[in-house]
Amino acid sequence: MMADDALLYPGTDWDFGTIQRIYDRVERTAKELKLDTYPNQIEVITAEQMLDAYSSIGMPLFYKHWSFGKQFAQNEVLYRKGLRGLAYELVINSSPCISYIMEENTATLQTLVIAHAAFGHNTFFKTNYLFKQWTDAEGILDYLEFAKGYIAQCEERYGQMAVEQLLDAAHALMSHGVHRYPRPRRPDLKTEERRAKDRLQYQEQVFNDLWRTLPNAPAKTGPVLSEERRRALLELPQENVLYFLEKSAPRLQPWQRELLRIVRLVAQYFYPQSQTKVMNEGCACWVHYKIMTTLHEQGALNDGAFLEFLQSHTNVVYQPEFNDQHYNGINPYALGLGMMQDIERIVVDPTDEDREWFPDIAGKGDATGVLQDVWANYRDESFVSQFLSPRLIRQWRMFHLLDDSGQPELRVDAIHDEGGYRRIRRALARHYDVAWVDPDIQVVDVDLAGDRRLIVHHSVVNGILLAENDTRQVLQHLADLWGYDVLLKEIDPASNAVLKEHSASARSTFF
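To keep things clear, this report deals only with the structure shown in the data block. (Residues numbered from 1 in each chain as written. Predicted model: local features only at pLDDT ≥ 70, side-chain atom pairs only at ≥ 80, totals over all residues. Heavy atoms only, no water.)

**Some details on the pattern of salt bridges**
Pairs can form between side chains of opposite charge once their charged atoms are near each other.
Turning to step 1, where the next piece is worked out: In this structure the tally under the stated criterion is 14 salt bridges.
Turning to step 2, where the next piece is worked out: The partner of glutamate 246 in a salt bridge is arginine 264, with the nearest N and O atoms 2.9 Å apart. Of this pair, glutamate 246 sits in helix α11 (residues 241-248) while arginine 264 is found in helix α12 (residues 254-275), placing the two residues 18 residues apart along the sequence.
Turning to step 3, where the next piece is worked out: The exposure class assigned to glutamate 246 is buried, which follows from its relative accessible area of 4%.
Turning to step 4, where the next piece is worked out: Members of the salt-bridge network, linked through shared partners, are Glu246, Lys247, Arg261 and Arg264. (Salt bridge = Lys/Arg side-chain N within 4 Å of Asp/Glu carboxyl O. Helix = DSSP H or I, 4+ residues; strand = E, 2+ residues; numbered from the N terminus. Buried < 20%, exposed > 50% of the residue type's maximum accessible area, 1.4 Å probe, protein only.)

The structure is reproduced here in structure tokens:
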């Protein structure tokens, strides 16, 4: 039997002293696991505050927009009717790392979410290479404060409708507002804030060299640019559509360009999270399971608290089978944790099959060290393609269905043999590859000498064209921001043939 004074808490109730005691004990256990984290900031919030955080994509100090209020209202109605639950926690990739925990949680759930968010997600945020490349944890909160204040000033000066209209268009293009590959300068959001203020003090000189060389420009202008020089100034082809508009759209005012920059930097901030959902949640689940198990073994949690934890944990990582009515794809929590625990098994107690498939890690003994290396150096696509084991494929009873539109029936393309394991692993990894999942849309040219029509290409993958209705609406927003006509061509990369064309003209009322 465990003595009550050894427990972190005797029942389900908690106060702020209990939260501090829980945090200190979890932190000590995390240090024993040699986890590298940002400083933590724990915020206790209500259900309504959690709904508000949902609506602003989980970011504190976020600017105002009507869509956030709409999302809040929708989530609130579903929550009040019991049709949707709320997350136990919400965590922000910042320094300090901010973890929001629900005041309705029991003491055991507070222990779980502190272990999961404040040390699991926090570790992944700080160590993973994508977050190091693309996010500035030190500067994000300061930049959001600047962005919120700047947008409020724009609303006062130019009108709420004008700002809202521009943000609507920018949000529609947000998924095409990221650089997919590293650029020379690391993001520094504090520097961005300082540079933003400087940019507003002078006219847009970067556009003068480009637009003064139009054939119909006044006589005082210089010579017409060569095609190569013109495309170099425009940085074409350009996959970051918001970046192109911010730099080159001829009719945007300085404050409008700054708003595009704000939306673009927020989109870039979330870019790593879209590529690491499985790994991020797998890391956090592995960490919280390890910490909670250790606390129970040490007598800090009684059997009742541990059973409560196991119930919540099991609900989170539950994976329905493909023929289950509740099946809705692969649960990233389940796959992430399953692969983390499988790697731990391979490192500590490998089979002959494991030694053949994973010679670099099989039997190495230091499971935490291997996992930390994995967290630091992979994203979902490469993680699955490198570490999904035949044993886990068999355990999950995975198989690959080939859906070829040219064939009358589906075909089971991979079974449980060596070749099948590799095909299953490649096929699953592809589902997490942004180059395969997200449409490749790039600005390729603009007719400066004529009607200034913008030419955009979509490189079609696997014969899948863009949805007609969505394309029409998004293209309209692009034309409005550009200020002139836009032509989108869907191109077959193999033959370079144009499969479909879409066009839109700028609305005169936008400006």
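Next comes the rest of the description.
**Description of the side chain of histidine 288**
Turning to step 1, where the next piece is worked out: Relative to the assigned elements, histidine 288 resides in helix α13 (residues 277-297).
Turning to step 2, where the next piece is worked out: Of the polar contacts made by the side chain of histidine 288, one reaches the side chain of histidine 116; its length is 2.9 Å.
Turning to step 3, where the next piece is worked out: Residue contacts for histidine 288: discarding those within four places in its chain leaves Leu112, Ala115, His116, Phe309 and His313. (Polar contact = N/O pair within 3.5 Å; in protein donor to acceptor, adjacent residues only side chain to side chain. Contact = heavy atoms within 4.5 Å.)

**Describing a nonpolar patch on the surface**
Turning to step 1, where the next piece is worked out: A cluster of nonpolar side chains, namely Phe322, Tyr327, Ile330, Phe399, Leu401, Leu410, Val412 and Ile415, defines an oily patch on the protein surface of about 750 Å² accessible area.
Turning to step 2, where the next piece is worked out: Along the chain, tyrosine 327 falls in the loop between α14 (303-316) and α15 (332-348).
Turning to step 3, where the next piece is worked out: Looking at tyrosine 327, the relative accessible area reads 34%, which means it is partly exposed. (Patch = residues over 30% accessible without salt bridge, like charges linked within 9 Å, V, L, I, M, F, W, Y side chains within 5 Å. Areas by Shrake-Rupley, 256 points an atom, 1.4 Å probe, with all protein chains shown as cover.)

**Observations regarding unusual backbone geometry**
Negative phi characterises most residues that are not glycine, and trans characterises most peptide bonds.
Turning to step 1, where the next piece is worked out: A cis geometry characterises the amide bond from serine 95 onward to proline 96, with omega recorded as 5°.
Turning to step 2, where the next piece is worked out: Locating proline 96 in the fold gives a position in the loop between β2 (89-92) and β3 (97-102).
Turning to step 3, where the next piece is worked out: The residue after leucine 236, namely proline 237, is reached through a cis peptide bond having omega -5°.
Turning to step 4, where the next piece is worked out: Mapped onto the fold, proline 237 is located in the loop between α10 (227-234) and α11.

**Points about the packing of aromatic side chains**
Turning to step 1, where the next piece is worked out: Per the stated rule, a full pass over the model turns up 17 aromatic pairs.
Turning to step 2, where the next piece is worked out: Their ring planes at 35° and their centres at 5.5 Å tell us that tyrosine 23 and phenylalanine 119 sit as a pair that is tilted. Here tyrosine 23, found in helix α1 (residues 16-32), pairs with phenylalanine 119, found in helix α4 (residues 107-127); they are 96 residues apart in sequence, far enough to count as distant.
Turning to step 3, where the next piece is worked out: Of the residues examined, tyrosine 23 reaches a relative accessible area of 14% and is grouped as buried.
Turning to step 4, where the next piece is worked out: Here the aromatic cluster, defined as three or more aromatic residues joined through ring pairs, consists of Phe124, Phe125 and Phe131.
Turning to step 5, where the next piece is worked out: Residue placement shows arginine 251 over the ring face of tyrosine 484; its charged tip is 5.9 Å from the ring centre.
Turning to step 6, where the next piece is worked out: The ring of tryptophan 436 carries arginine 430 above its face, with NZ or CZ at 4.3 Å from the centroid. (Phe/Tyr/Trp six-rings, centres within 6.5 Å; stacked < 30°, edge-to-face > 60°. Lys NZ or Arg CZ within 6 Å of the ring centre and 35° of its normal.)

**Focus on the nonpolar core**
Turning to step 1, where the next piece is worked out: Residues Phe119, Ile343, Trp375 and Phe383 are the most contacted members of the largest nonpolar core, which totals 71 residues.
Turning to step 2, where the next piece is worked out: A total of eleven residues in this core trace back to one element, the largest contributor, which is α4.
Turning to step 3, where the next piece is worked out: When neighbours within four sequence positions are excluded, phenylalanine 119 is seen to be in contact with Tyr23, Val26, Glu27, Ala30, Leu35, Thr37, Asn40, Ile114 and Val287.
Turning to step 4, where the next piece is worked out: With 57 residues, the next largest nonpolar core counts Trp134, Ala169, Met174 and Leu454 among its residues. (Core = buried A, V, L, I, M, F, W, Y, C linked by side-chain atoms within 4.5 Å.)

**Quick notes on the environment of serine 389**
Turning to step 1, where the next piece is worked out: Secondary-structure assignment places serine 389 in the loop between α18 (380-387) and α19 (390-396).
Turning to step 2, where the next piece is worked out: By relative accessible area, serine 389 is classed as buried at 0%.
Turning to step 3, where the next piece is worked out: Note: C-alpha distance between serine 389 and isoleucine 343 (46 residues apart in sequence) is 8.6 Å.
Turning to step 4, where the next piece is worked out: Apart from the residues within four sequence positions on either side, serine 389 is in contact with Asp342, Arg345, Ile346 and Phe358.
Turning to step 5, where the next piece is worked out: Of the polar contacts made by the side chain of serine 389, one reaches the backbone nitrogen of leucine 392; its length is 3.1 Å.

**Quick look at the packing of α13 against helix α17 (residues 367-377)**
Turning to step 1, where the next piece is worked out: Between α13 and α17, the least distance of the axes is 11 Å, while the angle of their chain directions is 155°. Between α13 and α17, the angle is such that the two are roughly antiparallel. Crossing hand, α13 versus α17: left-handed. Of the residues in α17, those in contact with Met279, Cys283, Trp286 and Val287 of α13 are Thr368, Leu371, Val374 and Trp375.
Turning to step 2, where the next piece is worked out: In the contact of α13 with α17, the residues fall into seven nonpolar, one polar and no charged. (Axes fitted to C-alpha atoms, helices over the stretch in contact; angles between N-to-C directions. Parallel < 35°, antiparallel > 145°, perpendicular 65-115°, else oblique. Left-handed = near helix turned anticlockwise from the far one by under 90°. Nonpolar A, V, L, I, M, F, W, Y, C, P; charged D, E, K, R; others polar.)

**Examining the sheet that holds strand β7 (residues 454-459)**
Turning to step 1, where the next piece is worked out: What the four strands build is an open sheet, ordered β6-β7-β8-β9; its pairing is mixed. Of all strands in the sheet, those bounded by a partner on one side alone are β6 (440-446) and β9 (497-504). Within this sheet the neighbouring strands show an average axis-to-axis angle of 25°, counted without direction.
Turning to step 2, where the next piece is worked out: As judged from the six bridges shared by β7 and strand β8 (residues 486-492), these two strands associate in the parallel manner. Following the sheet pairing, leucine 454 is matched in β8 by valine 486. (Pairing = 2+ DSSP bridges.)

**A few points about helix α7 (residues 160-172)**
Turning to step 1, where the next piece is worked out: Taking 1.5 Å of rise per residue, 13 residues should cover 18 Å, and α7 covers 18 Å from first to last C-alpha, within 8% of that figure.
Turning to step 2, where the next piece is worked out: Within α7, burial applies to Val163, Leu166, Leu167, Ala169 and Ala170. For α7, the arc enclosing every buried residue in end-on projection is 160°, short of the 170-degree limit, so these residues lie on one face. Facing away from the buried side of α7, by more than 90 degrees, are the exposed residues Gln160 and Met161.
Turning to step 3, where the next piece is worked out: In this fold, the buried residues of α7 make contact with α6 (140-158), α11, α12 and α22 (468-482). (Expected span 1.5 Å × (residues − 1). Arc of directions from axis to C-beta.)

**Notes on the packing of α6 against α12**
Geometrically, a packed helix pair is captured by the angle between its two axes and the distance between the axes.
Turning to step 1, where the next piece is worked out: Two elements in contact, α6 and α12, have axes whose closest approach is 11 Å; the angle formed by their N-to-C orientations is 150°. Judged by the angle between their axes, α6 and α12 are roughly antiparallel. Considering how the two elements wind past one another, α6 and α12 form a crossing that is left-handed. Note on element contacts: α12 touches α6 through Pro254, Trp255, Glu258, Leu259, Arg261, Ile262, Leu265, Val266 and Tyr269, opposite Ile140, Tyr143, Leu144, Ala147, Tyr150, Ile151, Cys154 and Tyr158.
Turning to step 2, where the next piece is worked out: Across the contact of α6 with α12, the residue classes break down as 15 nonpolar, no polar and two charged.

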